[in-house]
Amino acid sequence: MRRCLWLLLLCAAAQAEPPYRVVGDGIPQSLTATPGDAARGRAIVANRQSGLCLLCHSAPIAEERFQGNLATDLAGAGARWSEAQLRLRIVDARRLNPLTPMPAYHRTDSLQRVGAAWRGQPVLSAQQVEDVVAYLRSLRE
């Protein structure tokens with residue numbers, strides 16, 4: 001019985017560890033072996049069903065009307081932040097600012113008011129995070 005309990009605790013602790021490592025104000029290592037695709041990242045940022053980025057941010061996506069003005073303009077994001085810094089801001093911006101309204105797009109633990117169907121699932125997959133990072137890195141002006 002004790003051995004089973006110990007194994008359960010060990011497994012729970014292993015699951016609590018994020019699959020990435022934060023160094024300073026960024027996540028230096030890619031979350032995937034496949035490089036991000038800026039075109040796919042742009043589509044995620046523009047998509048009002050999955051990314052929801054334009055709800056709060058504005059971006060140089062002229063065909064998308066009614067962009068947000070509550071958060072930082074994404075134009076020039078690639079010049080303002082490094083790849084590692086962008087990755088952390090998308091994965092879990094609360095690591096930088098606990099009071100930010102920005103959702104944790106790739107964190108799954110310690111979240112509140114998550115519907116049962118979505119519990120344990122990130123908003124964006126690791127590949128989608130890398131795609132958004134690639135798009136934001138391409139925004140230099």
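Residues numbered from 1 in each chain as written. Predicted model: local features only at pLDDT ≥ 70, side-chain atom pairs only at ≥ 80, totals over all residues. Heavy atoms only, no water.

1. Digging into the side chain of Gln85
Part 1 of the reasoning: The topology assignment puts Gln85 in helix α5 (residues 83–92).
Part 2 of the reasoning: With a relative accessible area of 17%, Gln85 lands in the buried category.
Part 3 of the reasoning: In contact with Gln85, other than residues within four places in its own chain, are Asp25, Gly26 and Arg80. (Helix = DSSP H or I, 4+ residues; strand = E, 2+ residues; numbered from the N terminus. Buried < 20%, exposed > 50% of the residue type's maximum accessible area, 1.4 Å probe, protein only. Contact = heavy atoms within 4.5 Å.)

2. What to know about the nonpolar core
Part 1 of the reasoning: The biggest cluster of nonpolar side chains holds 25 residues, and the ones touching the most others in it are Leu31, Val45, Ile90, Leu124, Val129, Val132 and Leu136.
Part 2 of the reasoning: Among the secondary structure elements, those contributing two or more residues to this core are α2 (38–46), α3 (53–56), α5 and α6 (126–138).
Part 3 of the reasoning: If near-sequence neighbours (up to four positions away) are discounted, Leu124 is found in contact with Ile44, Ser50, Ile90, Tyr105, His106, Val129 and Val132. (Core = buried A, V, L, I, M, F, W, Y, C linked by side-chain atoms within 4.5 Å.)

3. Brief notes about the environment of Arg42
Part 1 of the reasoning: With respect to the element layout, Arg42 can be found in helix α2.
Part 2 of the reasoning: Along the chain, Arg42 and Ile61 lie 19 residues apart, while their C-alpha atoms are 8.3 Å from each other.
Part 3 of the reasoning: The residues contacting Arg42, other than those within four sequence positions of it, are Pro60, Ile61, Glu63 and Tyr135.

4. Considerations on the packing of α5 against α6
Working note: a packed helix pair is described by the angle between its axes plus the distance between those axes.
Part 1 of the reasoning: It is the contact of α5 with α6, at a shortest axis distance of 9 Å, that shows an interaxial angle of 130°. If you check the angle between α5 and α6, you find them oblique. Crossing of α5 against α6: the hand is right-handed. Contact residues: α5 offers Glu83, Leu86, Arg87, Ile90 and Val91, while α6 offers Val129, Glu130, Val132, Val133, Leu136 and Arg137.
Part 2 of the reasoning: Among the residues forming the contact of α5 with α6, the class breakdown is seven nonpolar, no polar and four charged. (Axes fitted to C-alpha atoms, helices over the stretch in contact; angles between N-to-C directions. Parallel < 35°, antiparallel > 145°, perpendicular 65-115°, else oblique. Left-handed = near helix turned anticlockwise from the far one by under 90°. Nonpolar A, V, L, I, M, F, W, Y, C, P; charged D, E, K, R; others polar.)

5. Description of the environment of Ser82
Part 1 of the reasoning: Here Ser82 is to be found in the loop between α4 (77–80) and α5.
Part 2 of the reasoning: Sequence separation between Ser82 and Gly26 is 56 residues; the distance between their C-alpha atoms is 8.2 Å.

6. Focus: α5
Part 1 of the reasoning: Burial runs high along α5: eight of the ten residues are buried.
Part 2 of the reasoning: Taken together, the buried positions of α5 are Ala84, Gln85, Leu86, Arg87, Leu88, Ile90, Val91 and Asp92.

7. Some words on the pattern of salt bridges
Part 1 of the reasoning: Scanning all chains against the criterion turns up seven salt bridges.
Part 2 of the reasoning: The partner of Asp92 in a salt bridge is Arg107, and the shortest N-O contact between them spans 3.0 Å. Remark: Arg107 occurs in the loop between α5 and α6 and Asp92 occurs in helix α5; sequence separation between them is 15 residues. Accessibility classification places Asp92 together with Arg107 in one group, the buried group. (Salt bridge = Lys/Arg side-chain N within 4 Å of Asp/Glu carboxyl O.)

8. Considerations on the side chain of Ser58
Part 1 of the reasoning: Relative to the assigned elements, Ser58 resides in the loop between α3 and α4.
Part 2 of the reasoning: Separated by 3.3 Å, the side chains of Ser58 and Asp73 make a polar contact.
Part 3 of the reasoning: In this structure, Ser58 is in contact with Gln67, Gly68, Thr72, Asp73, Leu74 and Ala75, ignoring residues within four places of it in sequence. (Polar contact = N/O pair within 3.5 Å; in protein donor to acceptor, adjacent residues only side chain to side chain.)

9. So, the packing of α2 against α6
Part 1 of the reasoning: Running from N to C, α2 and α6 point in directions that differ by 95°, and their axes come no closer than 7 Å. Between α2 and α6, the angle falls in the class roughly perpendicular. Where α2 abuts α6, its residues Ala38, Arg40, Gly41, Arg42, Ile44 and Val45 lie against Gln127, Gln128, Asp131, Val132, Ala134, Tyr135 and Ser138.
Part 2 of the reasoning: Of the residues assigned to the contact of α2 with α6, the class counts are six nonpolar, four polar and three charged.

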